[in-house]
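Below are the chains, spelled out letter by letter.
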Amino acid sequence: MSAEAKLARLGIRSRFDLVLHLPLRYEDETALTALPLAPVGKPVLVEAAVRRAEVAYRPRRQLVVHAECDGESLALRFFNFYGSQLKQFERAAEQGQRVRAFGEVHPGWFGAEMSHPRYRIVRESEPLATALTPVYPTTSGLGQSTLRKQVLQALAEAELEDTLPEAVLLRHGLAPFGESVRLLHLPPPGADLASLADRTHPAWRRMKFDELLAQQLSLRLAYRARRARTAPALVSNGPLLRRFLGKLPFALTPAQARVSAEVLRDLAQPHPMQRLLQGDVGSGKTIVAAIACLAAADAGRQAAVMAPTELLSEQHYRKFSQWLAPLGVGVVWLHGGLSAKQKRAAQEAIAAGEVAIALGTHALFQRGVSFARLGLAVVDEQHRFGVQQRLSLRKKGEAGADAAPPLVPHQLMMSATPIPRTLSMSYYADLDVSLIDELPPGRRPVATRLVADARRGEVLARIRDACADGQQAYWVCPVIEESKEGELQTVLDTYDLLARELPGLRVGLVHGRLSAADKTAAMQAFCAGRLQLLVATTVIEVGVDVPNASLMVIEHAERFGLAQLHQLRGRIGRGARESVCVLLYAAPLSQGARERLKVVFETCDGFEVARRDLHLRGPGEVLGERQSGAPLLRFADLERDQELASAAREAAEELLASDPGRARAHVARWLSGRQDYAKV
Ligand code: ADP
Ligand code: MG
């Protein structure tokens, strides 16, 4: 592998990236330690006169160097060594030279010993290092000393001028840039090691601030660049939308009304909307999407609604058809169950602009589908899509543009992972965010029960009673095939077992390996009440909405993630009836599983779940690499460094307004080669 490739693996692409490759820790070679004073378990620098060197064979082949300092003897042992090293030490012994060794000193049979220390042959009273020795994160095949040499050379040659105006430094109490980087690479003796180690030192603070600022700036710049493009202005009070609102199936909650107004206001602009709609599971995001789609239809434009699973897109199709067909709005569902002929017909209708609204999975934006007049793209459960899929969506919209300048469709993204406002402002600085912060009226919180799987019999009795009472239930299993450990029941086994254990109940089965048509048939039967119990994998995790289902059993609940449990539980509690979610677990529980189940047990509030998930796993894990802002951070942590993050947000706005040139220079310094993430 080339040197460049190795550096690239460390995220180093430009010369300045070397300067920003900051040490993990330091070794102190600025002072010598007397052998009798060497602490246990802590590496130190010692110096001793070389007396002789030999190769010993017991207990295994090794190079042993005997040295002496102030009457104390020191043995250095090397288990992997070259012949040249033996010669080097023999020569040093003849010439009365000394060895300076860095490592841990431990007591041996005949005095102090060190095992393969880092060492250098020196003359008497050679000067010591004046700064701590930095240790950098490295990768296999790239030696620490080679990397260190490159970094320090880049540092010596770099222009370290400050990208921030004096006023910003003063306001946020920030140390100058050049001083901070130099200090981090080569801290002088006496530097505060504790604050360097826990990264609270002012120099670290400055680096984190700069990094957070670069992230904010790049997201805001990407936002502005997209916002500067032209989109078709949609119609916010056209006849279709007015008729729909006039006979809504229910009254919008105040939160739904507020976010709908926010969305419609954006859509009426001749610039692409980039809005994220956040709302807990069941808060009613779909109807807001329908309202946005009608604004497109009223403008004679098409809308596309993309969902992460076929099951969910089918459900959208049913709702949209039910809501919009009476208005004469054409809706088409592109899915795997279509015959080649049907598929071609659907694609042609989309390409000819004959249908107003197309629904489907990411297949909607694959080759072969082109929209005549796409005005709006809705992405449901957007956190489930990868960066690539979102990119292709964006490109599709642009390629399909039919006017000059090209018209870019509006984008509405929806997500049921509500995160605290401070975090969303950092992560989603390239989006406008709307929030549905209340559930439709009449919902009762789901009661959650933790039940050891030894009490499975009681759970079965409960299902029997509920179904006899006209309710419906889900039984969720973690995997579809027998796992390697053989511990997990397959969904197929579970289905057979439950069908036998619950005679007289109409039991159905849905999982990812079923054909699209079978999945659809099962879901439809459950929706229509023809099935009473649905045995399912997590294919029902997102979006599925069957209000009459009021009981859910999650088997092996300890295997699921926190967000997943909350999403699954969100499938019930949608009707007027009291709903119960039973978390069946296999004891003993790991510490992590215990904590997750505790959270799900204690709260039904999506915000609270997200907050505690963030606390347990950190934002990177929770929001995933898929979120555009995350990969831009190496040093700062959005949860721990909240105060810096909000300072950086403020500074970003200010810098963009007062000095865009400097803002760009700052982004270039920090993110050369990484900005792509921000474009998604
Ligand atoms: P999510 O935000 O999870 O996508 P949905 O859009 O699927 O939620 O809505 C959940 C359920 O709530 C659906 O059955 C929907 O019809 C119903 N619903 C949505 N808004 C309201 C409302 N304002 N009043 C009553 N029911 C509503
Ligand atoms: Mg939904």
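Keep in mind it's a predicted model, so treat the numbers as computed, not measured.

## Looking at the overall build of the protein chain
In step 1: Regarding its fold elements, the protein chain presents 25 helices and 22 strands.
In step 2: Seen along its three principal axes, the alpha-carbon backbone of the protein chain occupies a region of about 100 × 65 × 45 Å.
In step 3: Every one of the 680 residues in the protein chain was classed for burial, and the buried ones make up 54%.
In step 4: Across the protein chain, the fraction of contacts at a sequence separation of at least 24, relative to all contacts at a separation of at least 6, is 77%.
In step 5: On the protein chain, roughly 30,100 Å² of surface is accessible, and the fraction owed to carbon and sulfur atoms is 52%.
In step 6: One way to put it: in the protein chain the 86 positive side-chain charges average out to a point 5 Å from where the 75 negative ones average out.

## A short note on the pairing of strand β3 (residues 62–69)
Strand residues, when the strand is regular, have side chains that alternate between the two faces of the sheet.
In step 1: Of all the eight residues making up β3, six are buried; the element is thus mostly covered by neighbouring parts of the structure.
In step 2: Of the strand pairs in this sheet, strand β2 (residues 44–56) and β3 are connected by seven bridges, and their pairing is antiparallel. Within β3, the position partnered with valine 55 by the bridge is leucine 63.
In step 3: In sequence, β2 turns back onto β3 through a hairpin of five residues.

## A word on the packing of helix α4 (residues 144–157) against helix α6 (residues 177–185)
In step 1: At a minimum axis distance of 11 Å, the contact between α4 and α6 shows a crossing angle of 155°. Between α4 and α6, the crossing angle belongs to the class labelled roughly antiparallel. In terms of crossing hand, the pair formed by α4 and α6 is left-handed. On α6, the residues that touch Val151, Leu152 and Leu155 of α4 are Val181, Arg182 and His185.
In step 2: Residue classes in the contact of α4 with α6 are distributed as four nonpolar, one polar and one charged.

## A look at the packing of helix α10 (residues 254–267) against helix α11 (residues 286–298)
In step 1: α11 packs onto α10 with a crossing angle of 30° between their chain directions and a minimal axis gap of 10 Å. Considered as vectors, α10 and α11 are oriented roughly parallel to each other. Between α10 and α11 the crossing geometry is right-handed. Contacts between α10 and α11 involve Gln256, Val259, Ser260, Val263, Leu264 and Leu267 from the former and Ile287, Val288, Ile291, Ala292 and Ala295 from the latter.
In step 2: Considered class by class, the residues forming the contact of α10 with α11 number nine nonpolar, two polar and no charged.

## What to know about the pairing of strand β7 (residues 111–115)
In step 1: Relative to β7, strand β4 (residues 72–78) runs parallel, the two sharing four bridges. Paired with leucine 76 across the two strands is methionine 114, which belongs to β7.
In step 2: Both strand β6 (residues 106–108) and β7 contribute to a ladder of three bridges, which runs antiparallel. For histidine 106, the partnering residue across the bridge sits in β7 and is glutamate 113.

## Here we look at the pattern of salt bridges
In step 1: This structure, assessed with the given rule, holds 33 salt bridges.
In step 2: Among the ionic pairs, arginine 118 bridges to glutamate 29, the shortest N-O distance being 2.8 Å. With arginine 118 in strand β8 (residues 118–122) and glutamate 29 in the loop between β1 (25–27) and β2, this residue pair connects regions lying 89 residues apart in the sequence.
In step 3: Taking the relative accessible area as the measure of exposure, glutamate 29 reaches 16% and is therefore buried.
In step 4: With a shortest N-O distance of 3.1 Å, arginine 662 and aspartate 659 are connected by a salt bridge.
In step 5: Its relative accessible area of 28% is what places aspartate 659 among the partly exposed residues.
In step 6: One connected set of salt bridges, linked through shared partners, spans Lys598, Glu602, Glu608, Arg611 and Arg612.

## Section: the sheet that holds strand β18 (residues 472–476)
In step 1: Strand order in the open sheet made by the six strands is β17-β22-β21-β18-β20-β19, with parallel pairing throughout. Two strands in the sheet have a free side with no partner beyond their single neighbour: β17 (447–452) and β19 (507–510). Put simply, the sheet's adjacent strands are angled 20° from each other on average, direction ignored.
In step 2: As defined by bridge partners, β19 adjoins strand β20 (residues 533–536) across four bridges and the pair is classed as parallel. Opposite leucine 509, over in β20, you have valine 535 as the bridge partner.

## Concerning the sheet that holds β7
In step 1: The sheet built from seven strands is open, its strands ordered β6-β7-β4-β3-β2-β5-β8 with mixed pairing. Single-partner strands in this sheet number two, and they are β6 and β8. Going from strand to strand, the sheet's axes swing by 40° on average, the running direction of each strand aside.
In step 2: Running at roughly 110° to β2, helix α3 (residues 83–94) makes contact with β2, β3, β4, β5 (98–103) and β8 of the sheet.

## Some details on the environment of serine 424
In step 1: The topology assignment puts serine 424 in helix α15 (residues 421–427).
In step 2: Separated by 146 residues in sequence, serine 424 and glutamine 278 place their C-alpha atoms 10.0 Å apart.

## Considering the environment of glycine 353
In step 1: Assignment of secondary structure puts glycine 353 in the loop between α13 (340–351) and β13 (357–360).
In step 2: Along the backbone, glycine 353 and serine 370 are 17 residues apart, and their C-alpha atoms lie at a distance of 9.6 Å.
In step 3: With residues near it in sequence (within four places) discarded, glycine 353 still touches Gln302, Ala372 and Arg373.

## A short note on the confidence of the model for the protein chain
In step 1: Per-residue confidence for the protein chain gives a mean pLDDT of 87; residues scoring 70 or more make up 92%.
In step 2: Below pLDDT 50 for its whole length, residues 625–630 participates in 25 contacts with residues either more than four positions away or in separate chains.
In step 3: Note that residues 675–680 has pLDDT below 50 and, in this model, 17 contacts with residues that lie over four places away or in other chains.

## Some thoughts on helix α9 (residues 239–246)
In step 1: Considered for burial, the residues of α9 that qualify are Leu240, Leu241 and Phe244. Around the axis of α9, the buried residues are gathered within 95° of arc, so they sit on the same side. Residues Pro239, Arg242 and Gly246 are exposed on α9 and point more than 90 degrees away from its buried face.
In step 2: Lining the buried residues of α9 we find α10, α11 and α12 (310–324).

## Regarding the site of ligand 1
In step 1: Taken together, the neighbourhood of ligand 1 is formed by 17 residues, with Gly282, Lys285, Thr286, Arg443 and Asp545 sitting nearest.
In step 2: Within the contact set of ligand 1, a nitrogen atom lies 2.8 Å away from a side-chain nitrogen or oxygen of glutamine 256.
In step 3: Measuring from an oxygen atom of ligand 1, one finds a side-chain N or O atom of arginine 574 at 3.5 Å.
In step 4: Protein contacts shield 88% of the accessible area of ligand 1, which totals 570 Å² for the unbound molecule.

## Side note on the side chain of histidine 316
In step 1: Of note, histidine 316 is situated in helix α12.
In step 2: By relative accessible area, histidine 316 is classed as buried at 3%.
In step 3: For histidine 316, the contacting residues outside a window of four places in its chain are Thr286, Val305, Ala307, Leu359 and Asp380.

Definitions and limits used
- Residues numbered from 1 in each chain as written.
- Chains lettered and ligands numbered in written order.
- Predicted model: local features only at pLDDT ≥ 70, side-chain atom pairs only at ≥ 80, totals over all residues.
- Heavy atoms only, no water.
- Helix = DSSP H or I, 4+ residues; strand = E, 2+ residues; numbered from the N terminus.
- Buried < 20%, exposed > 50% of the residue type's maximum accessible area, 1.4 Å probe, protein only.
- Contact = heavy atoms within 4.5 Å.
- Areas by Shrake-Rupley, 256 points an atom, 1.4 Å probe, with all protein chains shown as cover.
- Lys, Arg positive; Asp, Glu negative; His and termini not counted.
- Charge placed at Lys NZ, Arg CZ, Asp CG, Glu CD.
- Pairing = 2+ DSSP bridges.
- Axes fitted to C-alpha atoms, helices over the stretch in contact; angles between N-to-C directions.
- Parallel < 35°, antiparallel > 145°, perpendicular 65-115°, else oblique.
- Left-handed = near helix turned anticlockwise from the far one by under 90°.
- Nonpolar A, V, L, I, M, F, W, Y, C, P; charged D, E, K, R; others polar.
- Salt bridge = Lys/Arg side-chain N within 4 Å of Asp/Glu carboxyl O.
- pLDDT = per-residue confidence, 0-100.
- Arc of directions from axis to C-beta.
- Near = heavy atom within 4 Å.
- Polar contact = N/O pair within 3.5 Å; in protein donor to acceptor, adjacent residues only side chain to side chain.

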